[in-house]
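Each chain, written out:
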Amino acid sequence: MSTPKHRISLCMIVKNEADNLAQCLASVRGVADEIVVVDTGSTDSTVQIARSFGAKVVAFPWSGDFAAARNAGLNQAQGQWILVLDADEELDQGSRGELLLCAEHMEYEAFFLRIHNHSGTARSSQTITVNPILRMFRNRPSYRFSGIIHEQIASVIVKETPAASMHLSTVVIHHYGYANGVVAKKDKIRRNVELLKEQLKLNPGDAFHHFNMAVEYMRLGEYDPALEHIRTSLEQVEPDTSYVHLLYKYEIRCLAVKGHVQEALAACERGILLFPDYPDLHHLKGILLLQSAAYMEARAALRQALDIGVSPPGYHTESGCGTYVTLAVLGQLCQEIGEDCEAAACYTRAAQLHPAPWPLVARLVRTLKCAGRENELNGWLDLHVPGVAAEHRKLAVLLLNEGCFEAAAAQLEKSALGQMDPGAANDSSSCVKSLQETVAASAGSLNGEDLAGLLGLASDMAAGSAGMTAHPIYQRSRTWILLADGALASVAPSAPMHPAAGRARLLLPLPRVTD
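The notes below deal with the structure included here. (Residues numbered from 1 in each chain as written. Predicted model: local features only at pLDDT ≥ 70, side-chain atom pairs only at ≥ 80, totals over all residues. Heavy atoms only, no water.)

Our next topic: the pairing of strand S8 (residues 166-175). Regular strands show a simple pattern: their side chains alternate between the two faces of the sheet. Two strands pair when backbone bridges link them, and strand S5 (residues 89-91) and S8 are joined in this way by three bridges, in the antiparallel orientation. Along S8, the bridge assignment pairs Leu 91 with Ile 173. Across seven bridges, the pairing between strand S6 (residues 110-118) and S8 is parallel. For His 116, the partnering residue across the bridge sits in S8 and is His 174. (Pairing = 2+ DSSP bridges. Helix = DSSP H or I, 4+ residues; strand = E, 2+ residues; numbered from the N terminus.)

See below:
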């Protein structure tokens, strides 16, 4: 049996995407057999870039209808499968084989792909959320997008082929549209609201339009109308619709922001009853109970989220729910009830799992310091978070700004041993000497001037001295924080204020570890 000339057709709509398009198209080279790009009026080099990748470019004057633009591309596609990507997305290179394998399974009508929404514009940037979305489907004349905004295809496929089989794949698509400076401004959100209002005039009972209205109002920070649309959507939606779990999560968030904690907890219970394996709901329940000082119930909820772990593939999830973010909240809870050892264990495990662990390391350092275990810091980090411990100078800056002078001196000694530049090694040795003299002095003898001088060492250690930690205002703020910490630490254990002083030490601002 011969292989079709075009198995996968990539279909896109674009306008002025010259900064992003090449990266997107390069990611599907060798996977997509055909590229169809619908251009809605670009004035930059978007069209030329598309053609350089062999794309068929369809000029389509913008009419305010996203579905119409999508369908203009579908009408030109020749492949057996339609793959839909936006210009600010790219296929993960590790998913190429799986996507090609999916295309061989003709018993399915569609595949859900996992969209990883990033905080930055590079694949290495942190993933904020993961969302399963239907992005590859059979190329049939009856399968056409509907909706002038938030255009949909899944409901159309189900309507046209009621017995359609769809598969939740683990194919990863990276999306960079959430990056700073990329997220839509409020005027664009308002435009979306007006378009959705027009759609609701035509279909007032459309659960999906109400869902999208709620999302837009949440982006505007307008939680009362968001709640109204969430509840209307819940009344109208079919129980097995893919976004029902999100309606419960967004209802909880809106209620929590408004300060209606008990109502939010009731929404948690309703959602968990329907979606018991959704870690995000258990995580939110744990946070709400923690805020209510219901510590044992909060611990049980957070433990339930951790028992589930990474969200099953059919759910939209926040990165870290059920893993490192939940562990960090559990660590905070343990600190609240005085279980410092358990808190340290939670922060350690969270740092091991987190793709950007330094803020958690700062929390871990604070926890061990306030528990009187500063002398264990370097050994603990070497044993449990070796990747962090290997960055001696960065760790030394953190320790110094946290007032852990002896531990900082030890890190600088390790750094000096690894220095190939004799001048740099001498600088490290000088810093070590200053810190060792500080350690030799009693803590009570340090004044603001002494601390300011020591914190000034941080800027010498920070590569290039260009980060926020080198700024004089930041150094002055850390000086006052360390003076406050010293005063709180000097409260006698027998004093009535000792427990409050210990809690206040934990709440002092943490050192900045990223610039």
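What follows deals with the packing of aromatic side chains. On inspection of all chains with the given rule, the structure shows eleven aromatic pairs. Here Phe 275 and Tyr 315 contribute two aromatic rings whose centre-to-centre distance is 6.1 Å and whose plane-to-plane angle is 90 degrees, an arrangement assigned as edge-to-face. Note that Phe 275 is positioned in the loop between helix H10 (261-274) and helix H11 (279-291) and Tyr 315 in the loop between helix H12 (295-308) and strand S9 (317-318), a separation of 40 residues in sequence. Comparing Phe 275 with Tyr 315 shows no difference in burial state: the two are buried. Look at Tyr 278 and Tyr 315: their rings are 4.5 Å apart centre to centre, the planes differ by 20 degrees, and that puts the pair in the stacked class. Here Tyr 278 is found in the loop between H10 and H11, whereas its partner Tyr 315 is found in the loop between H12 and S9, with 37 residues between them in sequence. Comparing Tyr 278 with Tyr 315 shows no difference in burial state: the two are buried. Joined through ring pairs, the aromatic side chains of Phe 208, Phe 211, Tyr 243 and Tyr 250 make up one cluster. (Phe/Tyr/Trp six-rings, centres within 6.5 Å; stacked < 30°, edge-to-face > 60°. Buried < 20%, exposed > 50% of the residue type's maximum accessible area, 1.4 Å probe, protein only.)

Along the chain, Ser 415 falls in helix H19 (residues 405-417). Taking the relative accessible area as the measure of exposure, Ser 415 reaches 6% and is therefore buried. Sequence separation between Ser 415 and Lys 394 is 21 residues, and the spatial gap between their C-alpha atoms is 9.8 Å.

A separate point is empty space enclosed by the protein. Where empty space is left becomes clear once a probe the size of a water molecule has been rolled over the atoms. Evaluation of the coordinates by the stated rule reveals one cavity of 30 Å³ or more. Size it by volume and the largest cavity reaches roughly 30 Å³. Those elements that place two or more of their residues in the lining of the largest cavity are strand S1 (8-14) and helix H3 (66-74). Here the residues of the lining of the largest cavity sort into seven nonpolar, no polar and one charged. (1 Å grid on protein atoms, 1.4 Å probe; cavity = no way out; pocket = protein on both sides within 12 Å on 5 of 7 lines; lining within 4 Å. Points joined across faces, edges and corners; volume = space filled by probe spheres on them. Nonpolar A, V, L, I, M, F, W, Y, C, P; charged D, E, K, R; others polar.)

A separate point is unusual backbone geometry. A positive phi angle is found at Asn 16, which is not glycine, with a value near 50 degrees. Mapped onto the elements of the fold, Asn 16 is located in the loop between S1 and helix H1 (21-27). Located in the positive-phi region is His 150, a residue other than glycine, with phi close to 50 degrees. On the accessibility criterion, His 150 (27% relative accessible area) is partly exposed.

Packed helix pairs are specified by the crossing angle of their axes together with the interaxial distance, meaning the distance between the axes. Their axes nearest at 11 Å, the elements H11 and helix H13 (residues 324-336) cross at an angle of 20 degrees. The orientation of H11 relative to H13 falls into the category roughly parallel. The interaxial crossing formed by H11 with H13 has left-handed handedness. Contacts between H11 and H13 pair His 283, Ile 287 and Leu 290 from the former with Val 325, Thr 326, Val 329, Gln 332, Leu 333 and Glu 336 from the latter. Split by residue class, the contact of H11 with H13 holds five nonpolar, three polar and one charged. (Axes fitted to C-alpha atoms, helices over the stretch in contact; angles between N-to-C directions. Parallel < 35°, antiparallel > 145°, perpendicular 65-115°, else oblique. Left-handed = near helix turned anticlockwise from the far one by under 90°. Contact = heavy atoms within 4.5 Å.)

This part is about the side chain of Thr 323. In this fold, Thr 323 is placed in the loop between S9 and H13. In this view, Thr 323 contacts Leu 306, Gly 309, Val 310 and Leu 353; residues no more than four positions away in its chain are not counted.

Two elements in contact, H10 and H11, have axes whose closest approach is 10 Å; the angle formed by their N-to-C orientations is 155 degrees. With respect to H11, the axis of H10 lies roughly antiparallel. Between H10 and H11 lies a crossing whose hand is left-handed. Seen from H10, the contacting residues are Val 261, Ala 264, Leu 265, Cys 268, Glu 269, Gly 271 and Ile 272; seen from H11, they are Leu 281, His 282, Leu 284, Lys 285, Leu 288 and Leu 289. Considered class by class, the residues forming the contact of H10 with H11 number nine nonpolar, two polar and two charged.

Time to look at the side chain of Asp 39. The topology assignment puts Asp 39 in strand S2 (residues 34-39). Although Asp 39 is buried, it forms no salt bridge, and the closest oppositely charged side chain is Lys 15 at an N-O distance of 8.4 Å. Of note is the side chain of Asp 39, whose polar atom sits 3.1 Å from the backbone nitrogen of Gly 41. Polar side-chain contacts of Asp 39 include one of 2.4 Å to the side chain of Ser 42. (Lys, Arg positive; Asp, Glu negative; His and termini not counted. Salt bridge = Lys/Arg side-chain N within 4 Å of Asp/Glu carboxyl O. Polar contact = N/O pair within 3.5 Å; in protein donor to acceptor, adjacent residues only side chain to side chain.)

Bringing the pattern of salt bridges into the picture now. Under the definition given, this model contains 28 salt bridges. With its nearest N and O atoms 3.0 Å apart, the salt bridge here joins Arg 219 to Glu 216. Remark: Glu 216 and Arg 219 occur in helix H7 (residues 207-220); sequence separation between them is three residues, near one turn of the helix. Under the relative-accessibility criterion, Arg 219 is labelled partly exposed at 38%. Here Glu 402 and Arg 366 are joined by a salt bridge, their closest N and O atoms 2.4 Å apart. With Glu 402 in the loop between helix H18 (392-401) and H19 and Arg 366 in helix H15 (residues 358-370), this pair connects stretches of sequence that are 36 residues apart. Because the salt bridges share partners, they merge into one network encompassing Arg 366, Lys 369, Glu 402, Arg 478, Asp 485 and Arg 505.

Keep in mind that these numbers describe shape and distance, not what the molecule does.
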